[in-house]
2 protein chains.
Amino acid sequence: MNPRIVFCVSDHTGVTVEAVAKSVLSQFPAFEFSLIALPFVDSAEKVQAVAARIAATPGALVFSTLTDPDLRAVLRESGVPPFDIFDLLAPAMEAALGQAATPGSGRIHSMASNYESRMDAVNFSLALDDGLQPQRLDQADLILVGVSRVGKTPTALYLALQYGLRAANYPLTPDDLGHSTLPDVLLTHLPRLRGLTLSAERLAAIRQVRYPNSRYATLEQCRAELTAAERLFEHHGLPVIDTTRMSVEEIAARLRNPL
Amino acid sequence: MNPRIVFCVSDHTGVTVEAVAKSVLSQFPAFEFSLIALPFVDSAEKVQAVAARIAATPGALVFSTLTDPDLRAVLRESGVPPFDIFDLLAPAMEAALGQAATPGSGRIHSMASNYESRMDAVNFSLALDDGLQPQRLDQADLILVGVSRVGKTPTALYLALQYGLRAANYPLTPDDLGHSTLPDVLLTHLPRLRGLTLSAERLAAIRQVRYPNSRYATLEQCRAELTAAERLFEHHGLPVIDTTRMSVEEIAARLRNPL
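Residues numbered from 1 in each chain as written. Chains lettered and ligands numbered in written order. Predicted model: local features only at pLDDT ≥ 70, side-chain atom pairs only at ≥ 80, totals over all residues. Heavy atoms only, no water.

The subject of this paragraph is the pattern of salt bridges. For the coordinates displayed, the defined rule picks out 20 salt bridges over all chains. As a salt-bridge pair, A:Lys46 and A:Asp42 come within 3.0 Å of each other at their nearest N and O atoms. Judged by relative accessible area, which is 40%, A:Lys46 ranks as partly exposed. Residue B:Asp120 is joined to B:Arg166 by a salt bridge in which the shortest nitrogen-to-oxygen separation is 2.6 Å. One end of the pair, B:Asp120, is in helix H5 (residues 107-127); the other, B:Arg166, is in the loop between helix H6 (152-163) and strand E6 (167-171), with 46 residues separating them in the sequence. The class for B:Asp120 is partly exposed, based on a relative accessible area of 37%. Exposure remark for B:Arg166: the relative accessible area of 19% places this residue in the buried category. (Salt bridge = Lys/Arg side-chain N within 4 Å of Asp/Glu carboxyl O. Buried < 20%, exposed > 50% of the residue type's maximum accessible area, 1.4 Å probe, protein only. Helix = DSSP H or I, 4+ residues; strand = E, 2+ residues; numbered from the N terminus.)

Encoded structure:
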């Protein structure tokens with residue numbers, strides 16, 4: 001493998017530039033990339049220090065999202081041409097919109113206003129985790145349903161954190177699975193229910209970590225529960241997601257959008 | 001305001017392309033943009049349907065991350081030139097690395113392997129939320145400390161979901177705040193403690209939503225608690241983050257990196 005150091009330079013959190021870098025780099029499997037995140041590089045002094053570090057790193061690659069053109073110019077002094085999202089996109093956007101870009105404007109305000117609703121959603125999702133407070137299910141945007149350890153809680157929290165959705169989750173217990181319909185408390189909320197399922201092998205492995213050598217973690221038990229849950233999903237016509245090969249981002253994006 | 005429809009087209013979750021679009025568009029404050037997310041556009045048929053929809057939308061803007069060059073070509077048939085991350089970055093990356101890109105390779109595997117550790121971290125952060133299971137604090141990567149409603153739980157969950165960090169959180173109660181040192185259970189973990197604080201006005205507003213007209217939500221009470229907490233942070237030399245104007249992404253990115 002060819003090892004390469006990749007610097008991800010941002011004047012903010014660096015979440016976007018890291019995602020872009022990972023996505024593009026995944027198309028070069030012959031290399032072994034080591035990402036170094038450098039967030040909050042938001043002054044000429046900080047950019048100079050970063051540029052010096054890059055210049056001292058043989059074969060370095062640089063991805064950046066620096067909104068200020070002056071800071072981008074300083075970064076180029078490293079001698080390594082950065083792949084900068086704004087350098088790449090801003091000129092074409094300016095042409096398309098017929099206006100010059102205003103560096104840095106708008107971001108802070110939009111985040112702050114959005115923050116409240118997302119925190120509210122997180123608190124809601126925690127309050128309605130694992131079947132708690134079913135009397136508040138009518139306030140939920142989405143209600144995730146599935147057997148124990150199928151991934152309901154992380155998915156609900158991600159929907160709340162990323163999209164500000166009030167996502168409740170409700171576990172199907174072995175008792176619930178013995179019936180031919182979903183629990184009564186869910187029946188008035190059918191349009192907002194989403195079923196989660198998983199391969200029995202994967203579920204057994206996950207449960208095994210939590211309760212080693214329990215009946216709960218046997219492949220047989222997992223398979224029986226998943227089959228019964230899927231039958232209930234089908235009975236009520238719920239949209240279902242098989243999360244076996246999915247990241248939490250992927251599950252959440254699919255749940256958020258029409259299936 | 002000039003209203004413009006912005007399509008964010010991705011063959012995957014669309015999280016990256018939406019982040020890039022929002023970041024770039026925030027530099028054009030004279031426009032009012034409406035984003036339409038179109039994730040999982042991963043076949044020629046789906047891209048054709050999207051291209052037709054774009055062609056039928058006057059003044060549409062298009063951001064995309066389509067890893068397959070053939071699909072990118074189909075998208076351009078809409079007549080609206082897309083701002084595609086791969087079109088913009090891949091040629092320069094190929095030149096820098098001296099190799100052709102391999103569309104779509106690598107991504108699924110890296111996500112799946114990462115998924116386990118992130119879910120493990122989420123379960124850990126939930127298990128050690130709000131001071132629960134203090135005997136497991138030695139397993140934490142980070143321990144967030146602060147008064148009630150300062151943002152510990154969402155931040156810990158985001159650190160777990162986004163970065164796979166095992167982030168515990170521990171609340172400072174009015175009782176704790178009456179002492180001159182942090183609670184004993186925290187003292188053996190000082191290097192991994194991080195203090196969270198907030199403006200008293202903001203904290204009072206947040207608490208007011210939860211318990212209207214309570215003493216807990218008064219500005220006076222909030223100010224007293226925050227002052228006492230900040231004194232404890234200073235006493236022990238903890239790194240402290242003031243989250244007043246920050247998004248959860250920003251708080252998490254700052255906590256993850258050296259302060």
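What follows deals with the sheet that holds strand E8 (residues 240-242) of chain A. All names here are of chain A. A sheet is described by the order of its strands in space; here four strands give the open sequence E6-E5-E7-E8, paired in parallel fashion. Looking at strand neighbours, the two that pair on one side only are strand E6 (167-171) and E8, the edges of this open sheet. The sheet shows a mean angle of 25 degrees between the axes of neighbouring strands, direction not considered. By the bridge criterion, three bridges tie strand E5 (residues 142-146) to strand E7 (residues 193-197) in an arrangement that is parallel. (Pairing = 2+ DSSP bridges. Axes fitted to C-alpha atoms, helices over the stretch in contact; angles between N-to-C directions.)

On the side of chain B, 73 residues touch chain A, which itself brings 72 residues to the contact. With both sides pooled, the region where chain A packs onto chain B buries about 6,500 Å², and carbon together with sulfur makes up 66% of that total. Residues B:Arg118 and A:Glu249 are paired through a salt bridge, measuring 2.5 Å at the closest nitrogen-oxygen approach. For the side of chain A that touches chain B, the secondary structure elements donating two or more residues are helix H1 (15-25), strand E2 (31-38), strand E3 (61-65), helix H4 (85-97), helix H5 (107-127), helix H6 (152-163) and helix H11 (248-256) of chain A. No other element matches the ten residues that H5(A) contributes to the side of chain A that touches chain B. Here the residues of the side of chain A that touches chain B are counted per class, giving 42 nonpolar, 17 polar and 13 charged. (Contact = heavy atoms within 4.5 Å. Buried area = accessible area lost by both parts, 1.4 Å probe. Nonpolar A, V, L, I, M, F, W, Y, C, P; charged D, E, K, R; others polar.)

Time to look at the side chain of A:Arg72. Residue and element names in this part refer to chain A. Within the secondary structure, Arg72 sits in helix H3 (residues 69-76). Here the side chain of Arg72 touches Asp87 through a polar contact of 2.7 Å, side chain to side chain. The contacts of Arg72, once residues within four sequence positions are left out, are Leu66, Thr67, Asp84, Phe86 and Asp87. (Polar contact = N/O pair within 3.5 Å; in protein donor to acceptor, adjacent residues only side chain to side chain.)

Below, the discussion takes up the confidence of the model for chain A. All names here are of chain A. Chain-level statistics for chain A give a pLDDT mean of 90 and a share of 95% at 70 or above. Predicted confidence is poor over residues 108-112, with pLDDT under 50, and the contacts of this stretch with residues over four places away or in other chains come to three contacts. For this predicted complex, the interface score ipTM comes out at 0.76, alongside a pTM of 0.76. (pLDDT = per-residue confidence, 0-100.)

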